[in-house]
Structures are given as structure tokens and as C-alpha cells.
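# Results of the structural survey
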Number of protein chains: 2
Amino acid sequence: MAPIKSTSQQFVYAFADGDGQNKQLLGGKGANLCEMTQIGLNVPPGFVITTEACLEYLSSGTESHQRRRLPDTMMKEVKSAITRLEKESGKGLGDPANPLLVSVRSGSALSMPGMMDTILNLGLNEETLQGLIQQTGDARFSYDAYRRFIQLFGHVALRISDEVFDEAFNSIKLNRGIKEDVDLDSSALKQVCDRFLQIIEQHLGEPFPQDPMEQLEIAIKAVFGSWSGKRAVDYRREFNITPEMANGTAVNICTMVFGNRGDDSATGVAFTRNPGSGENLLFGEYLTNAQGEDVVAGIRTPKPIAELEQEMPRLYQELQVLRNRLEQHYHEIQDFEFTIEQGVLYCLQTRNGKMNAQAMVQTSVDLVKEKLINREQALLRVQPEMLEQMLFPRIDPTTHATPVARGLPASPGAASGQAVFDADRAVRIGADGTPVILIREETKPEDIHGFFASLGILTSRGGKTSHAAVVARGMGKPCVAGAEEISVDVRKREATIGEHTIYEGDTITLNGTSGGVYIGEVPMVEAEFTEALKKLLGWADKVSRLKVMANADSPEDGTRALKYGAMGVGLCRTERMFNATDRLPIVVEMIVAEDQKQRQIALNKLLPIQRDDFSALFRVMSPRPVTIRLLDPPIHEFLPSQEHIQYDLDKLHQLRSTVSGMNILADTVQNLFPADQLPNVQTFAETHLVDEAIQQKEAMLNKVNALHEVNPMLGHRGVRLGITFPEIYSMQIQAILEAAAICIQDGVPIEPEIMIPQVSTVKELERIKEYVQVVQQQVEEKYKVQLKFKFGTMIEVVRACMRADSLAKSAEFFSFGTNDLTQATFSFSREDAENKFLPMYNENEILHDNPFEVLDTSGVGKLMKLAVEWGRAVKPDLKVGICGEHGGHPASIRFCNQIGLDYVSCSAPRIPIARLAAAHAELKNG
Amino acid sequence: MAPIKSTSQQFVYAFADGDGQNKQLLGGKGANLCEMTQIGLNVPPGFVITTEACLEYLSSGTESHQRRRLPDTMMKEVKSAITRLEKESGKGLGDPANPLLVSVRSGSALSMPGMMDTILNLGLNEETLQGLIQQTGDARFSYDAYRRFIQLFGHVALRISDEVFDEAFNSIKLNRGIKEDVDLDSSALKQVCDRFLQIIEQHLGEPFPQDPMEQLEIAIKAVFGSWSGKRAVDYRREFNITPEMANGTAVNICTMVFGNRGDDSATGVAFTRNPGSGENLLFGEYLTNAQGEDVVAGIRTPKPIAELEQEMPRLYQELQVLRNRLEQHYHEIQDFEFTIEQGVLYCLQTRNGKMNAQAMVQTSVDLVKEKLINREQALLRVQPEMLEQMLFPRIDPTTHATPVARGLPASPGAASGQAVFDADRAVRIGADGTPVILIREETKPEDIHGFFASLGILTSRGGKTSHAAVVARGMGKPCVAGAEEISVDVRKREATIGEHTIYEGDTITLNGTSGGVYIGEVPMVEAEFTEALKKLLGWADKVSRLKVMANADSPEDGTRALKYGAMGVGLCRTERMFNATDRLPIVVEMIVAEDQKQRQIALNKLLPIQRDDFSALFRVMSPRPVTIRLLDPPIHEFLPSQEHIQYDLDKLHQLRSTVSGMNILADTVQNLFPADQLPNVQTFAETHLVDEAIQQKEAMLNKVNALHEVNPMLGHRGVRLGITFPEIYSMQIQAILEAAAICIQDGVPIEPEIMIPQVSTVKELERIKEYVQVVQQQVEEKYKVQLKFKFGTMIEVVRACMRADSLAKSAEFFSFGTNDLTQATFSFSREDAENKFLPMYNENEILHDNPFEVLDTSGVGKLMKLAVEWGRAVKPDLKVGICGEHGGHPASIRFCNQIGLDYVSCSAPRIPIARLAAAHAELKNG
């Protein structure tokens, strides 16, 4: 990078003159100081040396600083800037009578830890030190200032290790039997100064420089040089900071002010509003007669800012003026540092305040009310992901409970409850409202009733996409998954974690947001769906082009989703309905049916149940659209596992031989006694009952084996089931359309959307459409109504993207199932990938993000974009949405907006996040 | 479809006038008769009524024939055509003195079974019948002709069921005590005619039409009408015959000739060359004094055509002239029918001869030599798939053995050998050259040595893509898979099929081309890689743009591939090398290694083995390119199955308790006897050995469980292994480059290509490239050679297609792995799909072809096309090929040629097919 060469170049800007927006030239800190000065804040006077000066210095030589030269005119400019400072402050650099002391700080365009940073109290030497003592009448203060300066100068400018100074400092404390720094008196500090000066001289081969201007020049060169130091270079490489983003460092020279010059002095930190609640009140802490460092040291407890009103009423008023001026200027809540030196308030630094979600939302709404920002700005200042904090209960952040184990943060939120170890117990114990936490090695679809009964789920196996995680997220319940330290023993009803044992009924707490598991109850903060949030999201909806729909499988889900502002149901998974305890036996009956007739008998039982399910959901959502996906997962997922059946079979065989033995025994007993004296022993004639049970289990085992698939993800599922067993889909279609017909008869307007999963060819879609047409005619005749509904397809198979043009001819809408689509596009099985190699891929930067969490726009997204283009080329008004988990993630939502989707669908608790993200997407595109 | 209206339209064309190329107008048969007539063959004179006449007739009314009208001028034209026939033949229609008899046949542009077809001997009535008897002096012949006419007319023109006539005919035979038709004398046939005429009159309500012209008009209307009959309409719908392909039927009216008019008459069928060998000799059969039907009836045995030279030397010479004229005109081997009526040779029909592969190839080469066709035509007349017949041994087609079971035709070819039931026995029994057939329920990688030892493989489970099928195809050995009727009992060493039992050592025969399983030895025909085929394929190579490479994993494979004309190795699967019996234990050692150090020890053992493998393959293939794919499958595939280990563990636990028991027994014995009388009983002190074995098995079981994947197809495999275990890929790269270096040192030029499987992101590729660069430098320094090689990637993950532009920056070549790509594009697991729903999808026309056999051009192919475009946009000289199974299939090869691939790679026996298909692809594109 060639330095900028210009003879007439200006290298130094007084705070009063520099361009507050030009961070490239002045660095972030320098620009900020200029801006603060120019808007009339009382900033200690000073000036900035530009980044251009830095680059010119660095390019004038290499490696050793000696060879490098400062730009010709730079030190001249520095000198005149110092002269101006002297004029403004009435002090003189090196003037023993009234010494001017300054700080020297680096400051690049981006904040960069790893840079040489700060030198304070520059300008002190043997003479000015005495002057300072004279002037302040405070020898201890003066020596303290001096020893700090020497160490900082030695470290920053001369690269002497801090440890050398610390070692010397500590040995003096030790010699004097002193524990705390504050107990060092002026003579001790003088001794420290002397020792520090010796260290410098040993290192430098000459005495500590006494000329303040020489001190200044050395300091400036050192700060410039640190830009090309190893630490800074490594840091920039690590964080991909390109030269365009931060090129060279500026140097800020600023008059020193001291908050420790007596009881009319103080130092503090404040927010212009409460960063925890957003309340419109000055918020902060201060210490009288103290330096900033003292707050950090924690020896004295800072006082709440409100007390300053009593202590220094005038200055408190000045602080209020400052607060208003800051907000008026920055249109943002500010986090600022101030110092009061002998009754004069100085503002040392200000930056945008970091706040929690509630405060961000509250202040966004308030700032609009106060006309400091407009609605768009209000929306954009809140990061959508942040809302998650407000939407789930969470562990009280002020609590310091220690988790006994950690798992994966699989579903956000927190919950306390009694530990139970199986789904049935969860239902039984939870029946009276007792809060319950379900603990399992891993969960299966047959545990689903346990999820409903529990407040949270903990598993010792499985990843963020295990059954437990996915279901819990869908229900918005906290889940900690794969907590491998926990050993679960279902039979004993206990879990062990190191020396801890959790017995059934013990209270535990889960933090699904962090993955922490706690023994006992931990204080919680409830979810806060505040009025301010509602208002903000209302503004968001007005801005957004994308509609936000909910993934909801039941009327309860629907009600919850509406509370969060869902505009309809984008995905209702009918298999969730299949899993309910009262239906699962019928579903199993359907699956194990030997022929179509038997299967139809089971389906006839399911029909009214599903119809009622849909009807109830429609009534809740009316008149909003409800998109129902027909059965998707491989049917063997509804059956118990091979191991499970085998275990039962083993038990039954044991029982069989015990029963036989007892029968023999009973026979023997009967033969030994006369009939009237027969003891109470019965023949267990029911061996045939056991045999029947064995036969049933064996039949089930055969069925499970027959349905076994090598790669179930790519197996016999979705529309493939719908085509091989037409009666299943026909039943579902009938249930949907009859439910709609009944609603219409009842005056409840509803327009369901029937969605077909796993479609890869248009013929699949056409075939199912034939079923729909047949059922529609029957239902319309039977109920004497005119049905309105849509027919569409999931786009979750890659081939569906490729064939989007032909699919669009038969579909009224597309819904991207990005979970499956991501699996197929990467050829990653999510479960296997997240357990086996994805973490390593993330660590090694092969993949920057987990594509199952963050939509892979350049691969999966490219497919989606093509599918949308090809589909709309055939049918310009094709409705297109997304219902994968990505539908609730802001970055993915932005992409969906870009490629022209009409809606996103996500689980209820993510709806507010999605609504805000949808507004962001539109605003950032615009 | 509106009829063509034109007042001046011509509806009738004499055979001498019609345009022989215009099948649309004249139908296939009519055009053919015109062409034959016009090239001077002695075709019985006749004329064609056009398809336009048919359409006009059909559109003049609907449903009932009465309402329809023939085009105004048509019958006038027919009458003058008849007049011309009368003039040419000297006979008269309805002339009792010399009656003209004609045949009436339908004939549309495409041959269509299901159409009303043929009426013979039209023109006969009571009067002309007597004339015919007079003229021929053969009452039996005449009545026979008459009764045939009446039945055909009744059936075809009047729609009377054939059964009515057959019933009457049979009852007369029965009354007269006659068994065979030929035994009916003229009086009996007269009785038949009388009865038939009664039937007609009953049906029609009036007597059988006596006016031949009326007969003709009724017949023509009937044939036209049958075009819109139910059977014909159904047929056209079934076979997707559009109106453009065949619109209406023509009617052919042709003078009757009779081969049964005495010993100077004959009838026969002949090929212009031998259709079984291609030999350039007239080939066929004939019968003297017979009608064509008599040949079909099979009562008299036809004589070989050569005998005609003795019997009728002049006519044999005429047949030779006819043969030459046919070939000269059609430039193709002809299959023709002839009749000799009283010394006059008539050619009734000719069409292109159907031949077996050998004959097709032989005649292709011969016809070029004879300058009847050029090389391009020679190539195009042989369908590539046909060559399969010549490249595998097959069951002698003349044998009529009946299979005892049928499975899937999983790998073509046929083999006989002794049944064995496990791989080890196959090796042991096959060691002395005994032919062996391996029978298993299903095979696993650990059976691989059994494949090498066997001539064929039979499994009772699994589909066309089961392990057995894939490996057998790769080796070019016949395989019948999933023969579910067979029940295999490995422990008893036997298999049962219904009442049959196959014991070890019994000879069985497999037909991998048809799926048949035979008990005993069935005669075979050997594979024929003839000189003619070599010549033809040489021409193909000159025409082709696509190179044809081999999938070959060993020097033996390579040698075989070269024999078939491979131009290099497009896919060498290193895991096949891992599976050899001497390596598998080391591979297992590598997998179960607890840390990288242990793993490296195993890899160090594998390195020299792999290096020798590659070196040997390079020497065989030099200087052709050899593309080596690094390890692809999930590593658990190399480990025994869970069930297998569990079985061993159970046995070991049994052994453990037996050994303990015996030790107690031995102790007891020792205590009972004095030391000098101790019987020969030893303490089995080695329980710890058993314990160790148990521990090892348990460790293995844990490893297998840990490596278990839910969807292994989408799991931890390919480059994902290469990145998580860098030492594995590094070893393979080292082996490849060292082998190349050694070859170069030995003066054997070789340029290997390193190919990375399962790539989905460019960073994966870049990471492996880093390994390659490190190894390359080491090898070049060590061997002091300059290596030349290519580095490229499989494109088998959908995302790789999407990112083809960025992958092309790091890859010198792409190779499409269409097996995996098809799975991912459809989200079909091949194993599951082929067992569960694909057959049903094929049947129901959801998918026309199995996409794992025929490349899905509109989905998978579209992805490929995009990937090629995007890749070449970045790197125009990017080499691109395909190495999935599709690489050996003609239709897929044509697509590959269209989208600009550089090569296809397939298993050795399919190379000739691919070479010819590559030529076809280029010729058809051109």
C-alpha cells in the first residue's frame, strides 16, 4: 500500500476542526472526539494525528523503528497543535509552574485489541512533577501520576515488559509490608518512580527522556509502529480485516483531566436511559475523588448516579443536559464516560449503548414517540434474533447458579420441574399441574405425550436435530439435548452426573438457551411480550412484503401462534396428529394391515378424528389460510423399535416358561390333596394368552423388519406412500375437505391448502390431484357447499427444483422444505453430520455455518432461486413460501425476501423474530 | 381431425403408381407393395385406397356404419383399378370362366395389432366358385378357398364372432369323425361352406352378397371402420400413437396367388442372409404345394431353402436374383415371403430382417465391403445394447431348460458351477479350478474374495443394486439377485426352492441376463468378440468425440478393459483394494485405532500395498490416463456387522462357561487321584485367552455401534473422511504419486488423475489439494522425478453442481457420479427405492424408467448440464466425464455427448457397447 504523498498534506487536526465522520482518516476514537467537541460537549481539548501520517511513517522504512521517519511536516504541525492546547488550557508542556499533561492513544477505523494503546500523563518529568506537587499540593497524587506515566511509556513506547515494572512495584510493597496499592504513601510511590526510572535507563542505555516534546515524538512513533506489529497483524488476519476497512492508526493527543483532585472531583459511567428496561432516566454510577481505574479496581463501591443530584446538584443538572444533547445528536441511547475535575464536567467518551432486548424494544418505540428517529430506524435498530430473549422464560441473569452438567442448547427457554424418566409417568405426575421435566436417553415419536405433559426435555444422547430437539422447538419448550455426562437409568428411575444422582421427583432446572442443567429450582425471568414489542411488530408488518405464518399442528399451537402475530398456518404436520396416544394404536393397526381392506378399516376410524382435528384448527385460524401437509415420514417411524419388541419378546418367553412351570406345580398340588382340602392354587390355564401375545409381537417384529430401510431419509415416505397406499392420502384429503365443508356450513370462512411432501415428479402431483378431485366432488355433493382450497407441493427434493416449471402447472403454491432440501443438496444426513463431522467442518472453516441452521444461499439458495424463477415463468402468480426451520432465521428470511418468496413459516415463538426480520429484509433491500 | 376435402383428390393408387415413400397416405404395407412393384419385383398386381379416403369416410358420420359414406369418387376409382387388374391378369372379377380373386388388407402408417386385418379370396360366389373348380380342376382347393373367404368376410366385414364359425366347422368334423382339417374332403368342405353361408344369412337377415363389387365395398367400409373401433383406439392410447404418427388406415387390394396349385407351386419365407450368423447365403424354408398357413399350422415340416435348388432349379435362380435385387434396393438384409404359383415366382412381402447381434455385426461389415452401405450406416444399423449378447456367455437359445426359480437379472451372462454357501468355501473349493457358484442370502464387502473365486453369484435378497449385483456387474460375472423363492440355510449348507433342495457341491446354472436359476448344467454359448466386431468398433472410435474409459480396480481389470478397447481407466475404486483378504485386517486395524498414532501404524502397512497396486495398474494401462478415486464409502462398511459380532460374542460366552466347568472338573479329578496315577485330564488355564477374545469382540462392537449411521448414504464418507482423518487420504495420495514416480523411473510413462469423492464445497477440495502439494514435493525430492498428474473432483453431490464455477477453479477435471447424484436429486435411496416403491412407480407410469438404469435427463441431466456450463465458464478446457453406471448405457451416453462431456467410464464388458453408443451419439447429433 503506497503512502499518500502530498506536500501540502495536513497531518494534524484539532478536535474542534476534524471531520467527525471521517474514521478512515482520524480513526474511530479521533473522529468521535472531534464530533463530541464540535457539538459543544466539554471534551478536554486535544488533537488527532491522521492515519495517513501513520502509513507514511510505516512505508518510510522497515522493521526497526530507527530507520523510519515521520512525515516531514508532521512534528511541526504537532508543535503548533500543542501551542494551541497550551493557549486553550493556560498550561504549558514542560512548564513546571503549570504543567500541561496529555494522554496519547492509538485509534484505528475499527476497534482493534492487540494494538499498543494508551500513555497517560505524558509531559511529566523531574521538573514538572515538582510543579504538579506544588500546584495540587498532593504529592501522593503526583507521584502516582508519574509512576503510571513511566510504566506506560516504558511499556508502550519502549516495549519493556509490564512484568518487569510489576515485579519492581511488588517488591517495594513487600519490603514495606503493604498489601493494597492505595496504602502506598507518597514516599513509597517516589521510591517506585525512582526504581522505574532505573529500569528505563537500563533498558534504553540512557536516562528517561526529560523533554516532553521528545517524549511525545517517541510515543507517536511507538503507536504508529504497533500497527505493523505481530499482534496487530495476526489480529487483522484472524478477523479478516482488510486494508480498506482499517488502514493505519491515528494518534489522539488529549489534555489530561483528573477526577481525583478532591471532593469537587468525580468520575463515572452512565447510560442516557436504563439499558435493562429502556426507562427514560439517566442510569449509571460514579465515584467522588477518584480515577476511572478505581471503579475497575473494585475497592470502592460506586454510587448510583441519582445520588449525584444530592451531592453536586449543579453538575447533576449539567449531566442531564449532556444526556439530552447526546441523544439529540446521536439519535441513539449513549453509554458515556465523564470526569468532574474540580467542579468542571468533562465528557471523555461516548458510544451507542448496549441494551437487552426489552430495553431495545422500549427505547425504539419511545424514540419514535419523541421524534428522535422514525419507524424504519426504530425497526432497524433492533436485531431480530435479540427478541428471543423476550419470548422465552429464562434463568434470572443476576443468579449465579452453577450447572451440574451441560448439553446442547437444543430449544431455547428455561424451566424447573420434577424429574421423570418416561412419558407415561410424565403424564401421570403432570396430570395435577405438577411441573415436570422429562429425562430420557433419547426420545422417540412414541414419547410425544410426554412432551405435552412436560415443561422441558433433557436427553443424554442426540444433537440439535434429534427427535427431542426438533419436537421441543416445535412446541416452544426448552430442551437440553445430548448432555453426555448424564447417565440415565430408566429402570431405576434415576440419572447420575458424576457424584450427583437425580431421583424421580427431584426438582431440576434446564436452561435450553445455554444448555445448562441445574439441580434444584433456579430463579426465572418470565417471557415478556410487551406492549412496546406489539407496537414495534405492528410497524414491522406494515413494512414487510413477506407474510409470516406458523408451523402449528393443533388448535393450541394455532392459538399460541396468533398471539405471536401469525398470519396463518404455513405448515400443519398431520403426522403429529397421528402420534397422539389415542390415535397411535389405530395408526399402527393401519400400518400392520395385511391388505387394503384391513387398512381401510383402520383409516375409517382415523377419518373422524382427523376431521375434528382440522375443523378445530380451522375455527381457530379462520379466515386465515391453513396449509396442511399430508403424511410425510416413513411409516415405520410410528412402530416401536426392533430392540423394543425384542425386549418384550424375551420377557414374554420368560413368562411363558414360568407359567408352564407353575401349571405343572398346580397340577401336582391338586393331585396331592383331597378335593375338599384343596389349597388356594390355580392352574394357569392361560398359557395360550401368552402364546397369542408372543405371536402378535412376532408379527409386529416381522412388519418392522419388512419396513426397515437402509437410508430412511431417502426412503418410502411422503408422496411415495401416498401413491403406493392411495387410501391413506385419500382419507386425509377427505378429512381436510369435510372439515372445511363443516366450517363453511357453520359460517366459519376457511380456505385450506393441501400440500404434498417429497414430490420429485409432476406425475406424482397429478396423481394425488386426481384423488383430490374425486374427494372434492363427493364432499361438495354430500355437504352441499362450494369448497375453496389450494393444492400445492413441498419443494424439498432437488429434482422438484429442477422440474419447477412442470410442477408449477399442477401446483397453486410451492413451499420450500429447506431441512430436507439442505440434506439432499449437501448429501449430508443431518443427524449423522451433526454428530460426526459438522462440528469439525465448522472449526476448520470448511463450512462457516451449519447449513441446517443458516440457509446455504450459494448452494441450496441457488437451487431455490432457480426453482422460483422457473416456476413463476410458467405461473407468474405462483404462491411460494418456506416452511423449513430456516423460515425463522433472519439471514435466511432476508434471502427469501430477495428471491421473491411470499411467505415464511416457523414455530410460534420465532414468529416475532421472523416478523421483524421480514421488515428488516424489505428495508435493507429498499 | 378434419378430413382433407378436395374435389380432384385421388383416392386409389395402383401398386405401379403409388409413392413408395408415402406411408402417411398409403400406409406401411401399401407403400411397401408399391415400392416392390416399382423396382421390378413380381408382386401380384393390386392397388391401394388411401388413408385420406378412410378419414373422409370416418368423418362423414358416426357410430353406425350405415350413416357413413365413402367419398363420392372413390368407388369409381376402385372400379377402374379393378378393370386395370382384370386387364393385367386376364381374369375378371365375378367372371365364372376365369375369376379374379383378391385379398383386402388394412394397413396404417404404423403396424397396429388390434385392427381388422385381412380378407382373402374375395370375388368368390356361387358362380365363380364353380368356375374356379372348373379352372383348377380342384374342388377341394376351391371349397377350401370359399369357406375361408366366407369366414373372414363374416368376421372382418360383418363382425360375426370367429367362434360361431369355428363351432360349426368343428361340429361337421365331429359328425364325420375327422380329426385334422387336411382330412376334410371337398364334400365336407362344401358342407362347411353351406353352413357358413347360413350363418351369414341369419346374421345379416339377407343372403351372403353375391356381387363381388358389393363384397368389395362392404369389406373396404369394414376395414375403414375398424380404425375407430374400440380395440384400435385403446391400442393407440396405450402406445401413445398420435394422429401425426398414423392417421387412418389404407386398404390394399391385391390379386390372389396360390402356392397350393400343384407340384409346380410352393410357398416360403426367406432371409437374404443368415440371420443367426450373418453368412452371405440365402436362408429360409419352403413347402411345395402349400399355402402360407400350412407352414404356420406345423403339420408339414418345411424344407431348407437349399433343397429348392434341386427341386425347382430355375425358380431357385430367380430367388437368388430376387435376393440380390432386394439387398441392392433396400441396402439391408431382407426377410421376405414368396409364393410360386404354377411355376411363377411372386414376392408377397419384404421387410428388414431381424438378426441376432453376431449377424448384425457381421453383415454391417460385409455390406460396407460390398459397398451397399457406408461406415456410418453400418454403425447406425447396430443398436449398441444388442452387443451385450456377444459379450457375455449365455444360455444356448436352442435349449429348453426350465428355471426352478427366478430372481432379478442383476448382472448379465450365464454360468454353471458347484453350489457353495460362503465365501471361504468358494475359495477353498474353487482353488483347483472347480467352477463354483456362490449362493448367499445377501453379500457383504467381507464376501469379496468369494466373488473372485466364483463364476456367478446368486442371492435370495436384495435388488439390482444390492452389494452382490453391483460387485458382480463390476467384475462382469453373472448374478441373479433377490430370488425370493430360494431359502438359504448357511449352517446346513443348503438352499431349498419349493420341493427342490440344492446341497453344497450340486451343479446349478445361473442366467444373469434373464434372472433364471437352473438345477444342473445347461448348455452355453460362449461370448464372441469377433473380428467383425473389432472392425466395427474401430470405425466407431474414429467417429466418436467421447472417449470410453473403464471402471477398473486391478491390473486384471485393466487388462480385460484394454481387450475391450478401453482408452484408459476412468474410475479406480481404491476401497476395492482395501477389501482384499490380505488387506482387510489392516484396514480394520486402521479403523479401530484409538488415536492418530495407532492409525498411522496401520496406514504405514497399507502404504506399500497400495503403492504396488497402483504401480501394477499403471504399468498395464501406460501411457493411458488412470483416474483414481480416494476412499469413498463410510468406513464402517469395512467392519463386520453388529449381528455378526453379537453372534460371535454369544458363542464366546458359552465357551467361557464350558471352559470354567471343565476347569472345575479337572481340579476335582486331580484331587481324587494320587499324583502318579493322574489320568490324562488338563486344567484349561486359558480362560484368560477367552476373556481377551471377548474383550476384543466387545471393543469391536463398541466401535461398530459408534460408527453406526442413520442414513449411511448421506453420512461420514468420501472427502468428509479425508478431512476428518487427513492421514488416510495422505497415505493414498502418497501411494499414487510414489507409484507414478517408480513407473517414471522405470521408463513407463504414466499420468495419474487423483479424484476426490463426495465433494460439496470448494474448501474441501482446496484442503485435499494442500495434502497433495505436500506429498508431491516429498515424492519428487525422494525419487528425483518430475511428476505429471491431474487433480479433480467427483460431481455426485447436488451442491457440487451448484458450485461448479468455484470448484472448477481448484479442479482440473470433473467426473459425474450419477449413481449418487441420482439418489440425491430424487431423494431416493437406491436400495430402498428398488425394493419398496420403484417397481410400482414404473408400473403406474409415475416414472417411465428406473432412473438408476436410465439417466434422468430432465432432472439429474439438467443439473449436469448446468454444472458443465458453469464449470467451463470458469475453465474452458475443463475435462469432464461420467463414471456412474449410466456411463455404459446408450441413451445416457447420447445425453453425455450432447452436453459436451469428454469421456464416459463403465465396466469392462460394457465398453464395446459404450464405444458404439458414443459413435451413434455423434452421428445422430451431426
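Data block above holds the structure.
An account of the accompanying structure is given in this report.

### Comments concerning the side chain of B:Thr267
Residue and element names in this part refer to chain B. Checked against the element boundaries, Thr-267 lands in strand E6 (residues 266-271). When its relative accessible area of 6% is taken as the criterion, Thr-267 is described as buried. In this structure the side chain of Thr-267 is engaged in a polar contact, spanning 3.3 Å, whose partner is the backbone oxygen of Phe-338.

### Side note on the state of the cysteines
All names here are of chain A. Taken as a whole, this structure holds zero disulfides over all chains when the rule is applied. Free cysteine: Cys-906, not disulfide-bonded; nearest cysteine sulfur from Cys-883 at 11 Å. With a relative accessible area of 3%, Cys-906 lands in the buried category.

### Overview of the packing of helix H5 (residues 139-157) of chain A against helix H8 (residues 212-226) of chain A
Residue and element names in this part refer to chain A. Running from N to C, H5 and H8 point in directions that differ by 45 degrees, and their axes come no closer than 9 Å. Comparing their axes, H8 and H5 come out oblique. The way H5 lies across H8 gives a crossing that is left-handed. Residues Phe-149, Phe-153, Val-156 and Ala-157 of H5 pack against Gln-215, Ile-218, Ala-219 and Ala-222 of H8. Partitioned by chemical class, the residues of the contact of H5 with H8 number seven nonpolar, one polar and no charged.

### Observations concerning a negative patch on the surface
Taken together, the side chains of A:Glu201, A:Glu206, A:Asp211 and A:Glu214 make up a negatively charged region of the molecular surface. Relative to the helices and strands, A:Glu201 is located in helix H7 (residues 186-204).

### Concerning the sheet that holds strand E25 (residues 569-573) of chain B
Residue and element names in this part refer to chain B. If you trace the eight strands once around the closed barrel, you get E24-E25-E26-E27-E28-E29-E30-E31, paired in parallel fashion. For this sheet the average axis-to-axis angle between neighbouring strands, irrespective of direction, equals 30 degrees. Relative to strand E26 (residues 626-629), E25 runs parallel, the two being bridged by three bridges. What sits directly across from Val-569, in E26, is Val-626. Its contacts with the sheet put helix H27 (residues 726-745) on E26 and strand E27 (752-756), and the angle it makes with E27 is roughly 170 degrees.

### Brief notes about the interface of chain A and chain B
Facing the 51 residues of chain A at the interface are 51 residues of chain B. Where chain A abuts chain B, roughly 4600 Å² becomes buried across the two surfaces, and 58% of that area is made up of carbon and sulfur atoms. Viewed at the interface, chain B and chain A are joined by two salt bridges. For B:Asp856, the salt bridge identified is with A:Arg799, shortest N-O distance 2.6 Å. At the surface where chain A touches chain B, the tally comes to 24 residue pairs in polar contact (both at pLDDT 80 or more). Every element with two or more residues in the side of chain A that touches chain B is listed here: helix H25 (687-707), helix H26 (719-724), helix H28 (762-783), helix H29 (798-802), helix H31 (818-826), helix H32 (830-836), helix H33 (838-843) and helix H34 (860-874) of chain A. Counted by class, the side of chain A that touches chain B contains 22 nonpolar, 14 polar and 15 charged residues.

### Points about the relation of the copies chain A and chain B
For these two chains of identical sequence, chain A goes onto chain B by a turn of 179 degrees and a shift of 0.0 Å along the axis, with RMSD 0.2 Å. Taken together, the rotation and translation relating the two chain copies correspond to the operation of a two-fold axis. The residues that chain A uses at the interface reappear at the interface of chain B in 100% of cases, marking a shared surface.

What counts as what
- Residues numbered from 1 in each chain as written.
- Chains lettered and ligands numbered in written order.
- Predicted model: local features only at pLDDT ≥ 70, side-chain atom pairs only at ≥ 80, totals over all residues.
- Heavy atoms only, no water.
- Helix = DSSP H or I, 4+ residues; strand = E, 2+ residues; numbered from the N terminus.
- Buried < 20%, exposed > 50% of the residue type's maximum accessible area, 1.4 Å probe, protein only.
- Polar contact = N/O pair within 3.5 Å; in protein donor to acceptor, adjacent residues only side chain to side chain.
- Disulfide = S-S within 2.5 Å.
- Axes fitted to C-alpha atoms, helices over the stretch in contact; angles between N-to-C directions.
- Parallel < 35°, antiparallel > 145°, perpendicular 65-115°, else oblique.
- Left-handed = near helix turned anticlockwise from the far one by under 90°.
- Contact = heavy atoms within 4.5 Å.
- Nonpolar A, V, L, I, M, F, W, Y, C, P; charged D, E, K, R; others polar.
- Patch = residues over 30% accessible without salt bridge, like charges linked within 9 Å, V, L, I, M, F, W, Y side chains within 5 Å.
- Areas by Shrake-Rupley, 256 points an atom, 1.4 Å probe, with all protein chains shown as cover.
- Salt bridge = Lys/Arg side-chain N within 4 Å of Asp/Glu carboxyl O.
- Lys, Arg positive; Asp, Glu negative; His and termini not counted.
- Charge placed at Lys NZ, Arg CZ, Asp CG, Glu CD.
- Pairing = 2+ DSSP bridges.
- Buried area = accessible area lost by both parts, 1.4 Å probe.
- Least-squares fit on C-alpha atoms with pLDDT ≥ 70 in both.

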